[in-house]
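# Residue-level structural notes
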Amino acid sequence: MGAQPTGGLVVTALRARSLTRRLGGVAVVNGVDLDLTPGQVTALVGPNGAGKSVLLDCLSGVARPDGGRILLGAREVTRAPCHWRARLGLARTFQQVAVFQGLTVAQNVLVGAEQHGASGPLGRARVAGVLRLLGLAELAAHPVAGLPLGVLRLVELGRALAGGPRVLLVDEVSVGLDATQVAWVAQVLAMAAGEGTAVLLVEHDLALVARLADRAYVLDTGRVVAAGTIAEVLADERVRRLW
Amino acid sequence: MTTPLRLALRGVTVRRGPVVRLAGVDIRCPADRLGFLIGRNGSGRTAVLEALAGLVPHHDGTVLLDGRDIGSLAPHRRAALGVVLVPARRAVFPTLTVAETLALAGRPPQPILDVFPELAPLLPRRATALSGGQQQLLALARALLTEPVVLLLDEPDRGLAPSVTARLHEQLAGRTALLTARTLPSWAPSSALVHVLERGRVVWHGEAGELRAASRF
Amino acid sequence: MAAPGLAIDFALAGVAVGSAAALSGVGLVVCYRLTGVLNLAQGGIAVFTAYLLRELAVVRGWPLWLAAAVCLLLVAPGLGVLLQFGVFGPLRRRAAGVGELVVASVGVLVLLIGLVAAMWGTAPLADVPSLVPVRTFTLPGGRLLRLDTVAQLGAVLVVACAVWAVGRFTRFGVRSRAVADDPALAELAGVNAEAVGAVGWAFGALTAGLVGVLLAPLVLLDPYGLPLLVLETLAVAVAARFHSLPVAVAAGLALGIVQAELAWLHPSGTLMPVVDAGQSNLFAVALLVAALVPWGEAEQGLVGGGALLAGPAAPRHRDGWAPLLCAVVLLTPLALRGGGVRALLTVPGIALVLLSVVLVTGSGGLVSLAQGAFAGLGALGTAQLVSGQVPGGAALVVAVLGLAAAGVLVGWPVVHRRGLVLAMVTFALAVGLSRFVFQQPYATAGLTGARPSFLHSDRALYAAELAVLAAGALLVAAVRRGRLGRALLATRDHEAGAWAAGVAVPRLKLLVFVLGAALAGAGGVLLAMAGGAFDPATFDPVQGLVWFATVVVTGVDSAAGAVLAPFVLVALDSATVPGMSAVVVGALATATGHLPGGLTGWARSRLGAWS
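Residues numbered from 1 in each chain as written. Chains lettered and ligands numbered in written order. Predicted model: local features only at pLDDT ≥ 70, side-chain atom pairs only at ≥ 80, totals over all residues. Heavy atoms only, no water.

## Concerning the domain arrangement of chain C
The parts lose accessible area when they come together, and the size of an interface is often stated as this lost area. All names here are of chain C. Domain assignment breaks chain C into domain 1 (9-121 + 145-295) and domain 2 (342-541). Taking only C-alpha atoms into account, the centre of domain 1 sits 31 Å from that of domain 2. Contact with domain 1, which involves 22 residues of that partner, is made by 15 residues of domain 2. Interface area for domain 1 against domain 2, summed over the two sides, is near 1700 Å², with a carbon-plus-sulfur share of 81%. A per-residue breakdown of the area domain 1 buries against domain 2 is headed by Val-98, Leu-288 and Trp-295, which together make up 24% of the total. Salt-bridge contacts for Glu-232 lead to Arg-435; the nearest nitrogen and oxygen are separated by 2.2 Å. Taken together, domain 1 and domain 2 are joined by three residue pairs in polar contact (both at pLDDT 80 or more). At the level of secondary structure, the elements contributing two or more residues to the side of domain 1 that touches domain 2 comprise α4 (98-120), α9 (225-232), α10 (234-239), α12 (272-280) and α13 (282-292). (Domains from an automatic or database assignment. Contact = heavy atoms within 4.5 Å. Buried area = accessible area lost by both parts, 1.4 Å probe. Salt bridge = Lys/Arg side-chain N within 4 Å of Asp/Glu carboxyl O. Polar contact = N/O pair within 3.5 Å; in protein donor to acceptor, adjacent residues only side chain to side chain. Helix = DSSP H or I, 4+ residues; strand = E, 2+ residues; numbered from the N terminus.)

Okay, structure coming up:
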């Protein structure tokens, strides 16, 4: 696994051990071990109801796990509230796109920047940079209410990137995007990874996974059923049965 | 290939406030064939489905089901006539269990459980306890169970795992259905009727085979 | 205990009250399950039906069975259908939030009470005919049992069993829950949402009417007493988590019996005032306890469990003219001669309370129904301090700081609640404060006037009040601007998203709640000074609901609306009769289904259409 110490440094950006979450008596996440490495894109795939989004909720702090541990860098964050993890450099997007309808595109991104100490001129500069990266500069002053879903996904991604995250969790980002937008997002995620961010990509689009990801975990009924490099995982017999 | 027309929009205009969502659009759904509404986000795909299902009022034109004008009927009357829409998001009832949701169709649920066996263990669960993909599957299963005359699906593949979408596409074969998509899916049969929408207008229509042939050049 | 037999007699007496409470609670639960609306108007429908029955049977001399049939089978269900088509259908169809639904039902309540008062006057009546002959049975052992108690108990069981059977054996049960969840989606599934909603409301109104005609002979009937009695049975519905009928029946009966037994025990000594207050306000205690006990999974199943007041907020407008308009309107009375100012002395105080609602609910997304009660605490504190020879200015500062501290204390367990549960917890708090503080002699005895001596002239007092109001308005503006304002809007629009973006959501909500409590407290201070004394009626929970409704009607995002509305309402009351403003607010509240964004939202859209 990608968690060997090298030269005394822990190179795992996010580490989960025997993570469990029960909903209504059912263990929807069941003893999951997961490691995210800086600069790598890790994919999380699996059938509907496998527990991918719930796992993301546990990692990001939106939901409390019923068992297990989560380490962000060297720091234990299992019980830390969501905003605390965010300020430590853990950013995420949501399956149902999460944007703030009452704010403009630039203000949405600014909310992300401000929570990481970038307010005032520094914040505005950070926002301008992110908007340029995402090709949203022209829409900066536009209210997000009424924008098409594809743009909203980019806005949400922009807000997540604005804090300069060490770990980025991305939930089904390609849903609702057309081919050019998917290509654009793929480029942005690759760039983020290139700058050292550990990216976790929850995705059904296997073509996108194969193109972007270095490693993959396969989740089924709350358990990790396969893990390894992307080639190994896609060749796994159990994985192919799921598709 | 000519089959009788099941459902159609004739010169329909839909406005929301000052915004024109559809401008004098003609859409045809021939019997027992798949139809696709292709266009970017905001091109008016969803508005076509909503006008057909009666969710939004239309200003000009007519909505025809088997030659009869159903434009003035409320959504539940159209659903009773077999025009069934599955919206793109939030299409389940939060406090109903899976079994109760399927019971809304008024038929025994076994046929659809045979197609989507992954629903069977979820029957006693509330819809809020399902994942996003499972909710989408439940909404589609409920619609399929009603044996609709015309099925209107807004981006049905959204959030579904590939193994599920494959079975969904099998189920759609031979039905009268109208699906929205951003681009023509590769699984679409070449006999499928395609309408391409741009800014609330139909800019091209014809069979999927023709569109593929045309885009090759 | 010397006489266990007496305990049984008191228990039987308690069953009478208990079964009425159970029936009312079952009515609230059933209406909620069928329509997705917490029917705060149930007391209004009950009192209207009771008055109508008396009118037909006593004044017009109709046979009792005919009058009862007309009231219960025709008028009450008809009223319910009217409510579906006129008020709640449009609200549900545009997926209105919990706050708006609460406000609409408060509007119906206020309107019906106003209608009853206008048609039949406010004098208490004792001659409402009893549907059941006043007879008693002798039980084995020589105990007496009243026939009407048996009839009430029977009615509870029949209604509960009927609802259970319909849900269990017919398709209507599932269909009605589908409509309660999402009317538009239910229509797509082939369910006639309007018809199901109409049946739900007809049934809810029928139950409410039944509560009214069964309770009215047991009390002196006046337009205000019965609705309050019915409102207290909210405790039963909250205990049942708006879902379980058996729990509702059991809770209603248990409360009735415990209340009767406490009356019998009647301990002496130092405990007596406490037990007395608890006994006569047992339903308020139960409401508080039931609302504060964690809801657990029951909260998940509630319709409209989201944190939002309405759907996603529209982009904020900056109306440059609004502060100017407010300043001009509020300063004009200072230029008037004569006693014009005296009538307007309460305006700045109410404006501060309404501003606190704009801050807490509009910006913070917290549906708090306790702002009126916080104002009451401020008013009471001021009256206490001034009576203790503390100068007025110091009293203001102490009261505001005290309220902020109370806000921290109360807010900590409250702010993580959402939607209907938050509304219920804060309403229970308002009821509790009203019953156990504002109306108790220990708190209000020996209070002298609260008005500072150096503000002897009305004009000076009004000017001082305006200065406090301006400070409050500046505070609200400061919070809603900049980084804090953005974080608030983000949290209101998408709580999980804001949290995941690093916004410290729990702390932010607590901050807003505390500032809101302090603002409302300052408003209460001004109201106490303006009125010259502490008046518990000003801070009644129903008055708090009307204030909340006023803000939603004027536009929950609009600080200018909150400042101007009291001016209009106070002027209206002094120009017509006291209470008229509440009726106008009620009428507008029932129209919120057609007025998304309130009056200011409507005005903006008209201005937008012109420009």
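## Points about empty space enclosed by the protein
All names here are of chain C. On inspection of all chains with the given rule, the structure shows nine cavities of 30 Å³ or more. The computed volume of the largest cavity comes to approximately 110 Å³. Together, 13 residues line the largest cavity, and Gln-84, Gly-89, Arg-92, Val-179 and Pro-183 are the ones closest to its centre. The set of elements that each furnish at least two residues to the lining of the largest cavity consists of α3 (64-93) and α8 (193-215). The dominant element in the lining of the largest cavity, judged by the number of residues it contributes, is α3, at five residues. (1 Å grid on protein atoms, 1.4 Å probe; cavity = no way out; pocket = protein on both sides within 12 Å on 5 of 7 lines; lining within 4 Å. Points joined across faces, edges and corners; volume = space filled by probe spheres on them.)

## Brief notes about the side chain of C:Asp222
Residues and elements named next belong to chain C. With respect to the helices and strands, the residue Asp-222 is situated in the loop between α8 and α9. One buried charge, Asp-222, has no salt-bridge partner; the nearest side chain with opposite charge is Arg-435, at 12 Å. Looking at Asp-222, its side chain comes within polar contact range of the main-chain nitrogen of Gly-225, at 3.2 Å. In this structure Asp-222 touches Val-47, Tyr-51, Thr-122, Pro-124 and Pro-227, once residues within four positions along its chain are discounted. (Buried < 20%, exposed > 50% of the residue type's maximum accessible area, 1.4 Å probe, protein only. Lys, Arg positive; Asp, Glu negative; His and termini not counted.)

## Some points on the layout of surface pockets
Which parts of space are left empty comes out when a probe the size of a water molecule is rolled across the atoms. Residues and elements named next belong to chain C. Here the second largest pocket is characterised by a volume of approximately 1200 Å³. Lining the second largest pocket are 43 residues; nearest its centre among them are Gln-543, Asp-573, Gly-579, Ser-581 and Ala-582. Looking at the lining of the second largest pocket, the element that brings in the most residues is α4, giving eight residues. Per-class residue counts for the lining of the second largest pocket are 31 nonpolar, nine polar and three charged. Residues from two domains meet in the lining of the second largest pocket; each of domain 1 (9-121 + 145-295) and domain 2 (342-541) gives at least three. (Nonpolar A, V, L, I, M, F, W, Y, C, P; charged D, E, K, R; others polar.)

## Details of the packing of helix α3 (residues 105-114) of chain A against helix α22 (residues 482-493) of chain C
Where α3(A) contacts α22(C), the two axes come as close as 10 Å, and the packing angle between them is 110 degrees. With respect to each other, α3(A) and α22(C) are oriented roughly perpendicular. Residues A:Gln107, A:Leu110, A:Val111 and A:Glu114 of α3(A) lie in contact with α22(C), whose contacting residues are C:Arg483, C:Arg486 and C:Ala490. Partitioning the contact of α3(A) with α22(C) into residue classes produces three nonpolar, one polar and three charged. (Axes fitted to C-alpha atoms, helices over the stretch in contact; angles between N-to-C directions. Parallel < 35°, antiparallel > 145°, perpendicular 65-115°, else oblique.)

## Considerations on the sheet that holds strand β10 (residues 223-229) of chain A
All names here are of chain A. Read across the sheet, six strands follow the order β6-β7-β8-β3-β9-β10 without closing on themselves; strand pairing throughout is mixed. Only two strands of the sheet have a single neighbouring strand rather than two, namely β6 (90-92) and β10. Mean inter-strand twist for the sheet, computed between neighbouring axes without regard to direction, equals 15 degrees. Where strand β3 (residues 41-45) and strand β9 (residues 215-220) come together, four bridges link them in parallel fashion. Looking at β9, one finds that Thr-42 is bridged to Arg-215. The strands that helix α1 (residues 52-60) touches are β3, β6, β7 (167-171), β8 (198-202) and β9; relative to β7, the one it contacts most, it runs at about 150 degrees. (Pairing = 2+ DSSP bridges.)

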